[in-house]
Amino acid sequence: MLTEIDIRLPLKQSLRDDARRKAVAQKLGISPKRVQGLRLVKESIDARRRPICKQLRVLAAIDEELPAAAPVQRCYAPLPAHARRVIIVGSGPGGLFAALRCLELGLRPIVLERGKDVSARRFDLKPVNCEGRVVEDSNYCFGEGGAGTFSDGKLFTRATKRGPVSEIYETFVAHGADPAILTDAHPHIGSNRLPNIIKAMRESILGAGGEVHFRSRVDGLLRSADGRRLLGVRCANGQEYSGDAVILATGHSARDIYRLLQREGLLLERKAFAVGVRIEHPQSLIDRAQYHLRPGEARPEALPAARYTLATKIDGRGVHSFCMCPGGFIVPAATENDEVVVNGMSLSRRNSPFANSGFVVTVEPEDTDLYLPEYGALAGIVWQKELEIATANAGGGRQKAPAQLAVDFLAKRLSRSLPRSSYHPGLSAWDLNALLPDGIARRMAEGLRLFNRKLHGFAGEEALLIGCETRTSSPVRIPRDEHSLQHPQLSGLYPCGEGAGYAGGIVSAALDGRHCAEAVAAAL
């Protein structure tokens, strides 16, 4: 008999096979000798109190041998010469998973990426980190793999109702990811490992007969004579690509795409987003608070760098942590040279001495009404951009970021000195109360006090605020039909992923890419 069963064991015991067998047998009321084999299905850490335990779901073989696990692999058959062409704009998770799903459905994906391939893109991170100079089409946001490639590779998602999450994880594993992401309750690949996985996905696309074109920034639409159908796109390099459908998966920082759609007279919608800062602590402080460690007690080797999630609502606006990076770094994520934007990342080992997270407040569409008469649906982008420029001015140039100790932010005073930080371009002392809009700063202050009661030290003397985190999501949604997933005014255009307003992270964007490919196949 094969059965899945949940067991809970103290941390050290959870690593031993005999302890797992004994726990399974005890729960089933049988002798441990009848448990012939176990396979881990899912594991999570329960650190709510001491002793810290692991919650394990295992597949148990009772009175029979445990069959070998099926290998995780993906094979994409070569496409026939007559395969229908699907233009995919953007090679982030939405675009890549749309392309892979197209292959499975017998469609030929033509992927257009404004930036460089992932290997060349890596070299363009040095100028922004060391010289304070942004390479505007190749940076932490733009290029093969999208924003997630060099900003963490976190796969945890709550979008389990959107589709087959396990299919996304298995596709990553089939292209080289650690199989541990299949069983970890909070899977994470790491920015050091993602590039090779992205390259393997590209090879799958090319090997089956798809195409991938780099340095191909789309700046025009090819429409039918009556303007109702999209026939293809034009790139800034003069190249034109025609196809039977266009999946638009450009990510939340491709502001020129929103402006293009607005010039084309296509409907866009405003949506909520969030802005704030990155908050950084010593990782040891977070470990101590989350794992209930005694003063001077080191984190056990069996435990990963601790994480947290904090959320509340203050005066009708959400205040919450965002994209928490244990053992991570804060990175410059600007896409133009007149702005400063910060984001977080972790390597696979999560062994940096710092922990960081976005600490942000919701911005509703009505909060940007000042810009509505002139900019219409792009009002939020203009509001966002102005804050990014102000952040750059406060930092003093060369991607330096304005920063303030949390205790000084609460006291509304300039920090006399700033601690060491993971942010490489450097910091400048600044009163963030004077930089952030009043409603944002006031709610952040109240949120800091509240969260400090939930996580001791969150707003303490070691907490550092670094501005500004502005790209949590797009302020714009590109509407689409609920069933066909096509734009209501332009058939053949399939808005996709985070940039279109239908995803919020790697996994949800990948799922949406699959959905769009399936919608294209159903329509052709």
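Use the structure listed above.
An account of the accompanying structure is given in this report. (Residues numbered from 1 in each chain as written. Predicted model: local features only at pLDDT ≥ 70, side-chain atom pairs only at ≥ 80, totals over all residues. Heavy atoms only, no water.)

### Things to note about the packing of aromatic side chains
For step 1, the next point in the chain: Counting across every chain of the model gives six aromatic pairs.
For step 2, the next point in the chain: Ring centres of Phe359 and Phe458 lie 5.9 Å apart, and the angle between their planes is 80 degrees; this geometry places the pair in the edge-to-face category. Taken together, the residues span a long stretch of sequence, with Phe359 in strand E17 (residues 354-363) and Phe458 in the loop between helix H14 (438-454) and strand E20 (464-469) at a distance of 99 residues. In this structure, Phe359 and Phe458 share a single accessibility class: buried.
For step 3, the next point in the chain: Ring geometry for Phe451 versus Phe458: centroids 5.9 Å apart, planes at 80 degrees, classification edge-to-face. The same class applies to Phe451 as to Phe458, namely buried.
For step 4, the next point in the chain: Taken together, the ring pairs connect Tyr308, Phe359, Phe451 and Phe458 into an aromatic cluster.
For step 5, the next point in the chain: Arg114 extends its terminal NZ or CZ atom over the ring of Phe142, reaching a point 4.2 Å from the ring centre. (Phe/Tyr/Trp six-rings, centres within 6.5 Å; stacked < 30°, edge-to-face > 60°. Helix = DSSP H or I, 4+ residues; strand = E, 2+ residues; numbered from the N terminus. Buried < 20%, exposed > 50% of the residue type's maximum accessible area, 1.4 Å probe, protein only. Lys NZ or Arg CZ within 6 Å of the ring centre and 35° of its normal.)

### Things to note about the side chain of Asp431
For step 1, the next point in the chain: Within the secondary structure, Asp431 sits in the loop between strand E19 (427-429) and helix H13 (432-435).
For step 2, the next point in the chain: One buried charge, Asp431, has no salt-bridge partner; the nearest side chain with opposite charge is Lys412, at 8.0 Å.
For step 3, the next point in the chain: At a separation of 2.9 Å, a polar atom in the side chain of Asp431 contacts the side chain of Asn433.
For step 4, the next point in the chain: Contact partners of Asp431, with chain neighbours within four places excluded, come to Gln404, Lys412, Arg413 and Leu414. (Lys, Arg positive; Asp, Glu negative; His and termini not counted. Salt bridge = Lys/Arg side-chain N within 4 Å of Asp/Glu carboxyl O. Polar contact = N/O pair within 3.5 Å; in protein donor to acceptor, adjacent residues only side chain to side chain. Contact = heavy atoms within 4.5 Å.)

### Focus: the pattern of salt bridges
For step 1, the next point in the chain: As enumerated under the stated definition, the model contains 42 salt bridges in all.
For step 2, the next point in the chain: Glu339 is paired through a salt bridge with Lys385; the nearest N and O atoms lie 2.6 Å apart. Remark: Lys385 occurs in helix H11 (residues 379-395) and Glu339 occurs in the loop between strand E15 (328-332) and strand E16 (342-346); sequence separation between them is 46 residues.
For step 3, the next point in the chain: Judged by relative accessible area, Lys385 falls into the buried class, the value being 15%.
For step 4, the next point in the chain: Residues participating in the shared-partner salt-bridge network are Arg74, Arg101, Glu104, Glu167, Glu170, Arg514 and Glu518.

### Some words on the sheet that holds E17
For step 1, the next point in the chain: Within the open sheet, the seven strands sit side by side as E13-E14-E17-E12-E20-E18-E19. Their pairing is mixed. Across the chains shown, the open sheet's two edge strands, defined by having one partner strand only, are strand E13 (311-314) and E19. Ignoring strand direction, the axes of neighbouring strands in this sheet form an average angle of 30 degrees.
For step 2, the next point in the chain: Pairing of strand E18 (residues 401-405) with E19, which is carried by three bridges, proceeds in the parallel orientation. For Pro402, the partnering residue across the bridge sits in E19 and is Ser428.
For step 3, the next point in the chain: Running at roughly 95 degrees to strand E12 (residues 273-282), helix H9 (residues 283-290) makes contact with E12 and E17 of the sheet.
For step 4, the next point in the chain: Strand contacts of H11: E12, E17, E18, E19 and E20, with the helix running at about 35 degrees to E12, the strand carrying the most contacts. (Pairing = 2+ DSSP bridges. Axes fitted to C-alpha atoms, helices over the stretch in contact; angles between N-to-C directions.)

Purely geometric numbers; function is a separate question.
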